[in-house]
Amino acid sequence: MRINKYIAQAGVASRRKADELIASGKVKVNGSVMDVPGYDVQDGDIVTVEGKTIAEKEKPVYYLLNKPLGYITSVSDDRERLTVVDLMTDVTARVFPVGRLDYNTSGILIMTNDGDFAYHVSHPKHEIYKTYRARVNGVFSEEKARKLRKGVDVGPYVTKPAKVEIVKWDKGTTTVEVSICEGKNHEVRDMFKTLGNPVLELERIAIGNIKIGRLLTGHYRKLTREEIEYLRNA
Ligand code: URA
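Quick caveat, the model's predicted, so the values are computed rather than measured.

Definitions and limits used
- Residues numbered from 1 in each chain as written.
- Predicted model: local features only at pLDDT ≥ 70, side-chain atom pairs only at ≥ 80, totals over all residues.
- Heavy atoms only, no water.
- Helix = DSSP H or I, 4+ residues; strand = E, 2+ residues; numbered from the N terminus.
- Rg over C-alpha atoms; globule rule 2.2 N^0.38 Å.
- Contact = heavy atoms within 4.5 Å.
- Areas by Shrake-Rupley, 256 points an atom, 1.4 Å probe, with all protein chains shown as cover.
- Lys, Arg positive; Asp, Glu negative; His and termini not counted.
- Charge placed at Lys NZ, Arg CZ, Asp CG, Glu CD.
- Buried < 20%, exposed > 50% of the residue type's maximum accessible area, 1.4 Å probe, protein only.
- Pairing = 2+ DSSP bridges.
- Near = heavy atom within 4 Å.
- Polar contact = N/O pair within 3.5 Å; in protein donor to acceptor, adjacent residues only side chain to side chain.
- Nonpolar A, V, L, I, M, F, W, Y, C, P; charged D, E, K, R; others polar.
- Axes fitted to C-alpha atoms, helices over the stretch in contact; angles between N-to-C directions.
- Parallel < 35°, antiparallel > 145°, perpendicular 65-115°, else oblique.
- Salt bridge = Lys/Arg side-chain N within 4 Å of Asp/Glu carboxyl O.
- Arc of directions from axis to C-beta.

## Comments concerning the overall build of the protein
Move 1: When helices and strands are tallied, the protein shows 6 helices and 13 strands.
Move 2: Against the globule reference of 17 Å for 234 residues, the protein gives a C-alpha radius of gyration of 24 Å, more extended than a compact globule.
Move 3: With the C-alpha coordinates aligned to their principal axes, the bounding extent of the protein is approximately 75 × 30 × 30 Å.
Move 4: The long-range share in the protein, meaning contacts at least 24 apart out of those at least 6 apart in sequence, stands at 60%.
Move 5: Approximately 13400 Å² of the protein is accessible, and the part contributed by carbon and sulfur atoms is 49%.
Move 6: Across the protein, the centroid of the 38 positively charged side chains sits 4 Å from that of the 32 negatively charged ones.

Dropping the structure here:
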C-alpha cells in the first residue's frame, strides 16, 4: 500500500496531508526519514509520523457464532476457562464478542473487530430485540407471561416490556420464548426467578431478525452483507 494511503487509512491525516508530512520529513520508515512519496509499505515496516508509530487498521470482520455452554463471553479469562474466541480457530483478526451470554447460556453471539459496530448493536436505545428460548422449572402460566409483557420488578430494576410466547408445558417444565432489548446481566434468569420459575436451560435463538437457523453449536459463519447493514441501521 502506498505510504500516503497507509497513513490516511490509519486515521492520522488525509492523503494530501500525508504527502505534506512526507515532504516535510516527518515520516519515518524503520527509523529512517522516508522521502519517496510513492513508497510502497511492506509487511513488517514500522511507519512513524512525527515520532508516533501507526498501525495498519485491521479489515473489519463480522461473524455469527453459536456459543456452546461452558465458554465465557470474553477474550481472555484469569481463571483459564475457555472463551468464545477460542472457538474462532481460523479467524486471525482480533475479534471480540458483542454483548454477553452467561457461561451457562448457549446460542448466537456476534463476533467482530469493529468497535463502533459493536457499540451500536449492543446499545439498548437501538432496540434490537434478542430472543431467548428458556426452559423453566414448573408451570409458567399465561398470567405470568402477561406480567413479563408489562415488566417485572427483579429487585435492582424493573424490566422493560418483553415479548413472551409460551411454547409448551412438559413434565413439570415450561418452554418459553422471550424477546428483550435491554440485556442487563442475567436479566432473563432474573425475570423468571422473580416469577417463581427458575431457568433450567437458556439459549439465544435470534438477534433482531437474524436467527440461529442451522448453525451448529460451536460453529460460526460470516454475517452476510445484508445482515451487517440491517444491524448497522437498526
Ligand atoms: N439473560 C440471561 O440471564 N443470561 C444470558 O446469558 C443472556 C440474557
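## Side note on the pairing of strand β10 (residues 173–180)
Move 1: Summarising burial for β10: 8 of the 8 residues are buried, a large majority.
Move 2: The alternating pattern of β10 places Thr173, Thr175, Glu177 and Ser179 on one face and Thr174, Val176, Val178 and Ile180 on the opposite face, and all of these are buried.
Move 3: Summarising the sheet, strand β8 (residues 130–137) and β10 pair through 8 bridges and their orientation is antiparallel. Residue pairing across strands places alanine 134 opposite valine 176, the latter belonging to β10.
Move 4: Note: strand β9 (residues 163–170) against β10, 7 bridges, orientation antiparallel. Each residue of the ladder has a partner; that of lysine 168, found in β10, is threonine 175.
Move 5: In this antiparallel pair of consecutive strands, β9 and β10, the connection spans 2 residues, and lysine 171 shows a positive phi of 45 degrees.

## Some thoughts on the site of the ligand
Move 1: With respect to spatial proximity, the complete set of residues near the ligand consists of Leu101, Asp102, Thr105, Tyr132, His186, Glu187, Val188, Arg189 and Leu202.
Move 2: At 2.8 Å from an oxygen atom of the ligand is found a side-chain nitrogen or oxygen belonging to threonine 105.
Move 3: Within the backbone of histidine 186, one N or O atom sits 3.3 Å away from an oxygen atom of the ligand.
Move 4: Protein burial of the ligand: of its 240 Å² of free accessible surface, 96% is covered by the chains.
Move 5: Here the shell around the ligand takes 3 residues from helix α5 (residues 187–194), the largest share from any one element.
Move 6: Tallied by class, residues from the shell around the ligand come to 4 nonpolar, 2 polar and 3 charged.

## A short note on the packing of helix α3 (residues 115–122) against helix α6 (residues 225–233)
Move 1: Here α3 crosses α6 at 60 degrees, and the two axes come no closer than 8 Å. If you check the angle between α3 and α6, you find them oblique. Here Phe117, His120 and Val121 of α3 lie close against α6, whose contacting residues are Ile228, Leu231 and Arg232.
Move 2: Along the lines of polarity and charge, the residues of the contact of α3 with α6 split into 4 nonpolar, 1 polar and 1 charged.

## Examining unusual backbone geometry
Move 1: Positive phi is not limited to glycine here, since glutamate 50 has a value of about 50 degrees.
Move 2: Residue class for glutamate 50 comes out exposed when judged on its relative accessible area of 55%.
Move 3: Look at glutamate 127: it is not a glycine, yet its phi comes out positive at around 50 degrees.

## Topic: the pattern of salt bridges
Move 1: The tally for this structure, following the rule as stated, stands at 12 salt bridges.
Move 2: For arginine 221, the salt bridge is made with glutamate 227, and the minimal N-O distance between the two is 2.9 Å.
Move 3: On the basis of relative accessible area, arginine 221 is assigned to the partly exposed category, the value being 28%.
Move 4: The residue glutamate 229 makes a salt bridge to arginine 232 at a minimum N-O spacing of 3.0 Å.

## Remarks on α3
Move 1: Burial in α3 covers these residues: Phe117, Ala118, His120 and Val121. Buried residues of α3, seen end-on, are gathered within an arc of 165 degrees and therefore sit on one face of the element. Exposed and facing more than 90 degrees away from the buried side of α3 are Asp116 and Tyr119.
Move 2: Taken together, the buried residues of α3 touch β5 (62–67), β6 (96–98), β7 (105–112), β8 and α6.
Move 3: Here α3 starts with a cap whose side-chain oxygen sits 3.2 Å from the backbone nitrogen of aspartate 116, and that cap is aspartate 114.

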